[in-house]
Amino acid sequence: MKDIVFKTAAELSRLLASGELSSLELTKACLERIRTHDPKIHAFLHVDADGALETAAQVDARRAAGEKMHPLAGIPVALKDNIVIQGMPTTCASKMLEGWESPYDATVVVKLKEAGLPIVGKTNMDEFAMGSSTENSAFGATLNPWNTERIPGGSGGGSAAAVAAYMVPLALGTDTGGSIRQPGACTGTVGAKPTYGAVSRYGAVAMASSLDQIGPVARTVEDAAMLQELLGGHDVYDSTSLPDPVPDLSAAVCTGAAEANSAKGLRVGIIKQLSGEGYQAGVLETFNATVQRLKDAGATVVEVDCPSFEYSLAAYYLIMPAEVSSNLARFDGVRYGLRVEPSEGPVTAETMMAATRGAGFGDEVKRRIILGTHVLSAGFFDAYYGSALKVRTLVLRDLAAAFEKVDVLVTPTAPTTAFKFGENADNLLAMYLNDVATLPANMAGIPAISIPVGLAPDDSMPVGFQILAPAKEDARMYKVAALVEAQVRAADLLPACPAKNWKDEA
Ligand code: GLN
């Protein structure tokens, strides 16, 4: 029964529906796996065994009583620790929120609860989702289950590592500049950023509101599609939520998988600016081999030019901190979490806030708040923030022009595979460069997914392949992702994560 943790959500769904497996057995197996192996990788900041087992027992009882259940009912899921849920802490991996509990559930959590998914706990992340390695967590980093000397990506390294290490089949992440997709690439998992507004952000602690998006983390494209279908839909509590009905992503996955050998008619664009200079040789080699398989199956592949992408990283690192500085102003020692009084001098509201923010935030968060405040200040607004917004418009135009010629765009998800701990810690630019291929999708609000397509020949670490589609064409993105995934499977290019062989007594 222990091996049940290696199954995908789709397989588990069938076993649960047929009665061959109970949610209680499955949830116990996941919790046992977390108990035995999470001390090695630290994917979780909080585990709620009792709550998860209670949900599992309820789902089993409802199913036994003949109730028609959601296909994912009974399948355990983990939440990135910046998504709020009643009855569990939400820390955003920050001292600022240590011990804080939300008085309400995020909309995605309401949906998970209604569908009957046991929520096993909260996963580690870079503080307030700022980072690409999970090294910025105030509670210690998460290790990559493929190689524990390497980072699991970030900011959602905990969710990605938990799924890669078979602790849960499904998890939720948030993606502001790549924090679902880049950890996906680093850990050989599937991570999708839906179209902006396709999944409610209500209850996701805001980092940069015009870029943030909640999305699924899974081991297969089919599982990610099922989870996104459940999470999606209009929400009156999120004014940026789309009114459109949720597309049939599972059907798109079936179509895509069936077309693995016949991609005729599919037009694929390679973004010139995102597949050459500055990329690790092994990443490019694996990327090019993936593109070659698409060509071999009959797809038309062309290179597209997105000249403004040269400036998009710089623009992102102006727009994002500007929004960060505004969103994180709410952590003032009055409303949430930590409160610190100054050690000397008078205690006023201002000195208390300064002491609280000084003690509660880590270096990266402070750096971004200061940068964001600066670029929004009266004398510099036009030069920095205003220019960045113009670049954002150009990125949108480049993408719109590209999608006139092709159905989807593809890139390596990140310029390198998972790097070693500390390797980029003192080199902020190198750290920020990790987002170069992922952040254009956030700037433009379009959907993007990362799927594993093999191991890089130069370091044997997983390589992520990113697929981008026009806004609201999430189904098209999933279809092509399933097609590429089927080709990877047919060629047997992706070995199981070494976590599969971890000894239980270890
Ligand atoms: N790594 C990016 C950053 O540090 C992305 C963060 C995110 O998507 N939450 O801003």
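Residues numbered from 1 in each chain as written. Predicted model: local features only at pLDDT ≥ 70, side-chain atom pairs only at ≥ 80, totals over all residues. Heavy atoms only, no water.

### So, the overall build of the protein
The number of helices and strands found in the protein is 16 helices and eleven strands. On C-alpha atoms alone, the protein measures out to a radius of gyration of 22 Å, which is about the 23 Å that the 2.2 N^0.38 rule sets for 506 residues. For the C-alpha atoms alone, the extent of the protein along its principal axes is close to 70 × 55 × 45 Å. Here the protein holds 506 residues, and the buried ones make up 60% of them. Relative to all contacts within the protein whose residues are 6 or more apart in sequence, the contacts with residues 24 or more apart total 77%. Here the protein has roughly 18800 Å² of accessible surface; of this, 54% comes from carbon and sulfur atoms. Computed over 43 positive and 58 negative side-chain charges, the inter-centroid distance for the protein is 2 Å. (Helix = DSSP H or I, 4+ residues; strand = E, 2+ residues; numbered from the N terminus. Rg over C-alpha atoms; globule rule 2.2 N^0.38 Å. Buried < 20%, exposed > 50% of the residue type's maximum accessible area, 1.4 Å probe, protein only. Contact = heavy atoms within 4.5 Å. Areas by Shrake-Rupley, 256 points an atom, 1.4 Å probe, with all protein chains shown as cover. Lys, Arg positive; Asp, Glu negative; His and termini not counted. Charge placed at Lys NZ, Arg CZ, Asp CG, Glu CD.)

### Overview of the pattern of salt bridges
Enumeration over the complete set of coordinates arrives at 15 salt bridges. A salt bridge links arginine 201 to aspartate 238; the nearest nitrogen and oxygen atoms lie 3.8 Å apart. Of this pair, arginine 201 sits in the loop between strand 5 (190-193) and strand 6 (214-218) while aspartate 238 sits in the loop between helix 7 (221-231) and helix 8 (249-258), and the two are 37 residues apart along the sequence. Overall, the relative accessible area of 15% leaves arginine 201 in the buried class. Between lysine 472 and aspartate 244 there is a salt bridge, with its nearest N and O atoms 3.1 Å apart. In this pair, lysine 472 sits in the loop between strand 11 (462-468) and helix 16 (474-490) while aspartate 244 sits in the loop between helix 7 and helix 8, placing the two residues 228 residues apart along the sequence. Taking the relative accessible area as the measure of exposure, lysine 472 reaches 46% and is therefore partly exposed. A relative accessible area of 30% places aspartate 244 in the partly exposed class. (Salt bridge = Lys/Arg side-chain N within 4 Å of Asp/Glu carboxyl O.)

### Things to note about the state of the cysteines
One way to say it: the disulfide is the covalent bond shared by the sulfur atoms of two cysteines. Using the criterion set out here, one finds zero disulfides in the structure. Cysteine cysteine 497 shares no disulfide, and the gap to the nearest cysteine sulfur, in cysteine 186, comes to 13 Å. (Disulfide = S-S within 2.5 Å.)

### Thoughts on the site of the ligand
The full set close to the ligand counts 16 residues, and Thr176, Gly177, Ser179, Tyr316 and Arg368 are the nearest of them. Within the contact set of the ligand, an oxygen atom lies 2.8 Å away from a side-chain nitrogen or oxygen of arginine 368. Between aspartate 435 and the ligand, the recorded distance is 3.0 Å, taken from a side-chain N or O atom to a nitrogen atom. Contact with the protein chains removes 100% of the 290 Å² of surface that the ligand exposes when unbound. A majority-of-atoms criterion places the ligand in the largest cavity. Here the shell around the ligand takes three residues from helix 10 (residues 309-327), the largest share from any one element. (Near = heavy atom within 4 Å. Polar contact = N/O pair within 3.5 Å; in protein donor to acceptor, adjacent residues only side chain to side chain. 1 Å grid on protein atoms, 1.4 Å probe; cavity = no way out; pocket = protein on both sides within 12 Å on 5 of 7 lines; lining within 4 Å. Sits in = over half its atoms within 2 Å of the grid points.)

### Focus: the sheet that holds strand 10 (residues 448-455)
Spatially, eleven strands are ordered 1-3-2-4-6-5-10-11-9-7-8 in an open sheet, and the strand pairing comes out mixed. The outermost strands of the open sheet, each flanked by one partner alone, are strand 1 (44-47) and strand 8 (300-304). Strand-to-strand, the axes of this sheet are offset by a mean angle of 25°, without reference to chain direction. By the bridge criterion, five bridges tie strand 7 (residues 267-271) to strand 8 in an arrangement that is parallel. Its bridge partner lying in strand 8, arginine 267 is registered against threonine 300. (Pairing = 2+ DSSP bridges. Axes fitted to C-alpha atoms, helices over the stretch in contact; angles between N-to-C directions.)

### Focus on the nonpolar core
The biggest cluster of nonpolar side chains holds 155 residues, and the ones touching the most others in it are Leu112, Phe128, Leu172, Phe465, Ile467 and Tyr478. Looking at this core, the element that brings in the most residues is helix 10, giving ten residues. For tyrosine 478, the residues in contact, after removing those within four places along its chain, are Ala192, Pro216, Val221, Ala224, Ala225, Gln228, Leu249, Val253 and Ile449. (Core = buried A, V, L, I, M, F, W, Y, C linked by side-chain atoms within 4.5 Å.)

### A short note on helix 13 (residues 382-405)
For helix 13, with 24 residues, the first-to-last C-alpha span of 34 Å sits near the 34 Å given by 1.5 Å per residue. Of all the residues in helix 13, the buried ones are Tyr385, Gly386, Ala388, Val391, Arg392, Val395, Asp398, Leu399, Ala402 and Phe403. Where helix 13 is buried, its residues contact strand 8, helix 10, helix 12 (363-376), strand 9 (408-412), helix 15 (439-444) and strand 11. (Expected span 1.5 Å × (residues − 1).)

### Focus on empty space enclosed by the protein
According to the stated counting rule, one finds two cavities of 30 Å³ or more in the structure shown. The calculated volume of the largest cavity comes to roughly 90 Å³. If you go around the largest cavity, you meet 14 residues; those closest to its centre are Ala129, Gly131, Ser179, Tyr316 and Asp435. The residue makeup of the lining of the largest cavity, split by class, is five nonpolar, seven polar and two charged. Here the second largest cavity defines a volume of roughly 60 Å³. Along the walls of the second largest cavity sit Asn82, Ala129, Thr174, Thr176, Arg201, Ala204, Val205, Met207, Asp212, Gln213 and Ile214, which together make up its complete lining. For the lining of the second largest cavity, a count of residues per class yields five nonpolar, four polar and two charged. (Points joined across faces, edges and corners; volume = space filled by probe spheres on them. Nonpolar A, V, L, I, M, F, W, Y, C, P; charged D, E, K, R; others polar.)

From the geometry alone we can't say anything about function, so treat these as descriptive.
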